[in-house]
Amino acid sequence: TRLKAQRAELEATRERQEEQREAMAKELAALQEGEAKLQEEMKAMKKKKGELERAATSATAEKEQLEGDTQQLEQKHLEAEREVKELRRRMEEERLGLEG
């Protein structure tokens, strides 16, 4: 009877170990699935990061272009103001010349 009790105990231990192995296998499978999902998310995030970086580069280039265009327009405006002043000065000289 002692031998039977030992066998029963061994069998119970084996069953517990098998259940633990199955539980660990399920946990491992779940972890692997989670890891695969994380890798997919990382891949998507890297792709989005690349898109955002390209958009930022494009926006920076566009901003620089607009700043350059603005400077050119400001320069043209200043030149036009000088020309207007010069024309007014000439017209005043001509008026004074006609009056004098």
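Being a predicted model, the structure only gives us computed values, none of them experimental.

(A) How the structure looks around the overall build of the protein. Assigned secondary structure in the protein consists of one helix and zero strands. Computed over its C-alpha atoms, the radius of gyration of the protein comes to 43 Å, more than 25% above the 13 Å expected for a compact globule of 100 residues. Each principal axis of the C-alpha distribution contributes one length, and for the protein these read about 145 × 15 × 10 Å. Looking at the 100 residues of the protein, the share that counts as buried comes to 1%. Surface accessibility of the protein: about 9900 Å² in total, with carbon and sulfur atoms responsible for 55%. Mean positive and mean negative side-chain charge positions of the protein (22 and 26 charges, respectively) differ by 9 Å.

(B) The arrangement of the pattern of salt bridges in detail. Under the criterion given, the structure shown has nine salt bridges. Each of E86, R89, R90 and E93 takes part in salt bridges that share partners, so that together they form one network.

(C) The environment of E9, seen in detail. Among the secondary structure elements, E9 is positioned in helix α1 (residues 2-99). As for E9 and E83, which are separated by 74 residues in sequence, their C-alpha atoms are 108 Å apart.

(D) Inspection of the environment of E67 at higher detail. Here E67 is to be found in helix α1. With 19 residues separating them in the primary sequence, E67 and E86 have C-alpha atoms 29 Å apart.

Conventions adopted
- Residues numbered from 1 in each chain as written.
- Predicted model: local features only at pLDDT ≥ 70, side-chain atom pairs only at ≥ 80, totals over all residues.
- Heavy atoms only, no water.
- Helix = DSSP H or I, 4+ residues; strand = E, 2+ residues; numbered from the N terminus.
- Rg over C-alpha atoms; globule rule 2.2 N^0.38 Å.
- Buried < 20%, exposed > 50% of the residue type's maximum accessible area, 1.4 Å probe, protein only.
- Areas by Shrake-Rupley, 256 points an atom, 1.4 Å probe, with all protein chains shown as cover.
- Lys, Arg positive; Asp, Glu negative; His and termini not counted.
- Charge placed at Lys NZ, Arg CZ, Asp CG, Glu CD.
- Salt bridge = Lys/Arg side-chain N within 4 Å of Asp/Glu carboxyl O.

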